[in-house]
Amino acid sequence: MSVPDTVLTNDDLSAIVDTSDEWIRSRTGIRERRIASDKETTATLGLKAAQRALEVADILPVELDMIIVATSTPENIFPSTASLIQSWLGANKAGAFDLSAACSGFVYAVDMATQAIRTGRIQKALVIGSETMTRVLDWSDRGTCILFGDGAGAVVLEASPVEGGVLSAVLRSDGSGSDLLGIPTVGSYDMAPNETLPDVHRMSKMHMNGGEVFKFATRVIGESINQALDLAGLTIKDLSLIVPHQANLRIIAAAARGLKVEENLFFVNLDRYGNTSAASIPIALVEAIQQGRIKENDHIAFVGFGGGLTWASMVVKWGAPKPEDRTKALNRQRREAIYAFAFWRGRLLRLSRQINNLIKRIRPEQGRMERLRRRVDRQDFK
Ligand code: COA
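Residues numbered from 1 in each chain as written. Predicted model: local features only at pLDDT ≥ 70, side-chain atom pairs only at ≥ 80, totals over all residues. Heavy atoms only, no water.

## Quick word on a positive patch on the surface
Together, Arg-345, Arg-347, Arg-350 and Arg-353 give the surface a local cluster of positive charge. When you line up the elements, Arg-350 lands in helix H10 (residues 332-377). (Patch = residues over 30% accessible without salt bridge, like charges linked within 9 Å, V, L, I, M, F, W, Y side chains within 5 Å. Areas by Shrake-Rupley, 256 points an atom, 1.4 Å probe, with all protein chains shown as cover. Salt bridge = Lys/Arg side-chain N within 4 Å of Asp/Glu carboxyl O. Lys, Arg positive; Asp, Glu negative; His and termini not counted. Charge placed at Lys NZ, Arg CZ, Asp CG, Glu CD. Helix = DSSP H or I, 4+ residues; strand = E, 2+ residues; numbered from the N terminus.)

## Some words on the site of the ligand
Taken together, 22 residues lie around the ligand, and Thr-19, Arg-27, Arg-142, Gly-210 and Asn-248 are the ones closest in. Interatomic distance of 3.0 Å between a backbone N/O atom of Gly-210 and a nitrogen atom of the ligand. Of all the elements in the fold, those that place two or more residues in the shell around the ligand are helix H2 (21-28), helix H6 (210-232), helix H7 (249-259) and strand E11 (299-306). Among the residues forming the shell around the ligand, the class breakdown is nine nonpolar, nine polar and four charged. (Near = heavy atom within 4 Å. Polar contact = N/O pair within 3.5 Å; in protein donor to acceptor, adjacent residues only side chain to side chain. Nonpolar A, V, L, I, M, F, W, Y, C, P; charged D, E, K, R; others polar.)

## Notes on the nonpolar core
Counting 44 residues, the largest nonpolar core has Ile-221, Ile-225, Ile-236, Leu-239, Ile-242, Phe-266 and Phe-305 as the members making the most contacts within it. Put simply, the parts of the chain that give this core at least two residues each are H6, strand E10 (239-244), H7, E11 and strand E12 (310-317). Element by element, the count of residues in this core is highest for H6, at eight residues. If near-sequence neighbours (up to four positions away) are discounted, Ile-225 is found in contact with Ile-236, Leu-239, Ile-242, Leu-259, Val-303 and Ser-313. (Core = buried A, V, L, I, M, F, W, Y, C linked by side-chain atoms within 4.5 Å. Buried < 20%, exposed > 50% of the residue type's maximum accessible area, 1.4 Å probe, protein only. Contact = heavy atoms within 4.5 Å.)

## Thoughts on the side chain of Ser-80
Within the secondary structure, Ser-80 is located in the loop between strand E3 (66-70) and helix H4 (81-89). Of the residues examined, Ser-80 reaches a relative accessible area of 12% and is grouped as buried. Within polar-contact distance, the side chain of Ser-80 engages the backbone nitrogen of Ser-83 at 2.9 Å.

## Concerning the layout of surface pockets
Taken as a whole, the second largest pocket encloses approximately 1,200 Å³ of empty space. What lines the second largest pocket is a set of 50 residues, and nearest its centre among them are Met-133, Leu-181, Gly-182, Ile-183 and Met-206. Within the residue set of the lining of the second largest pocket, elements represented by two or more residues are H2, strand E4 (95-99), strand E8 (181-182), strand E9 (207-208), H6, H7 and E11. Looking at which element gives the most residues to the lining of the second largest pocket, the answer is H6, with five residues. (1 Å grid on protein atoms, 1.4 Å probe; cavity = no way out; pocket = protein on both sides within 12 Å on 5 of 7 lines; lining within 4 Å. Points joined across faces, edges and corners; volume = space filled by probe spheres on them.)

Here is the structure:
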């Protein structure tokens with residue numbers, strides 16, 4: 001995982017909008033969140049998380065077959081954030097694309113990578129959830145700007161003869177709720193001929209109907225976890241931990257009541273990061289592992305929900321191949337060398353394209369002069 005260093009507390013927020021630490025903590029459970037610096041973007045946060053994931057998995061970037069970045073705050077519509085990260089990593093064998101399913105994006109992306117591995121098409125995939133939500137907040141709307149933060153988390157998935165990994169997944173969407181939560185951008189509708197120019201101030205800022213989203217979230221969490229458990233042939237009693245999307249402590253508490261389980265079956269770290277959208281589940285997963293809440297062969301579940309509307313649950317039998325089981329002795333230095341090579345390769349390619357363009361701009365003039373001289377030689381003035 002990778003989160004920015006800058007912390008924005010509830011008290012800091014109360015200097016920006018009419019709110020208080022007491023209100024935010026009691027309504028959401030959030031105490032503080034991280035804010036990206038001017039130099040940080042979704043891709044740079046995602047890159048750091050990716051490099052750490054490759055280190056934990058002890059594989060080289062060139063071994064990756066696929067990179068998926070789940071995000072709602074990409075650098076561009078295209079090129080994808082995944083392509084930027086692919087080039088910075090030097091993952092020259094990997095396909096790369098972004099996946100847009102809002103706060104459910106990470107679970108969707110893990111399922112896509114899992115299916116690609118299960119068919120035998122690919123062996124190793126890197127799945128990243130990365131967001132710079134604070135860039136798309138309306139800082140005058142106290143109903144939304146208090147909820148979100150920035151960060152990234154990443155996992156490596158790989159084919160394994162050992163039974164386990166992702167056992168089941170339930171991905172759902174209900175686009176009739178598309179008006180409840182979103183980040184409008186300048187898209188095909190706005191750019192259609194004869195349309196008046198879009199209100200750029202409204203564009204790229206998040207809007208949300210908090211109450212409706214709250215009701216939707218509490219309904220789908222329990223429902224979809226039970227569906228995923230059914231598909232895996234398990235019951236809620238088999239789960240040792242649920243890693244939910246970190247939106248609001250009251251949503252998690254309501255879901256726990258609905259499932260008739262103790263609240264502490266759900267891992268919670270939203271108090272320190274707020275809602276980091278597609279990054280929240282992988283960040284929570286990393287901290288759950290660090291805190292010893294997940295052990296080999298545990299059955300755990302992920303559940304995400306958010307804009308679309310979308311939601312997704314997944315049951316996983318936890319197991320990670322240990323680096324010492326590997327035949328190749330991979331090391332940090334080789335990864336560092338690949339990152340350095342990728343960095344300079346990118347720079348040199350861009351530079352050589354710039355030089356080529358410059359030459360092309362000069363050459364036509366030279367060509368014209370040359371032709372003119374030949375015509376003068378031939379006394380051809382027609
Ligand atoms: N500080 C202080 N007061 C606030 C406030 C804030 N940041 N935001 C709203 N209020 C006020 C409202 O203006 C309202 O005042 P009023 O009664 O005088 O009109 C009052 O608090 C209650 O507002 P309400 O919107 O009913 O609060 P709520 O208990 O529903 O909590 C949310 C609001 C946004 C925290 C809650 O609806 C929520 O968390 N929804 C889910 C959002 C979410 O998780 N989205 C992401 C999903 S991926």
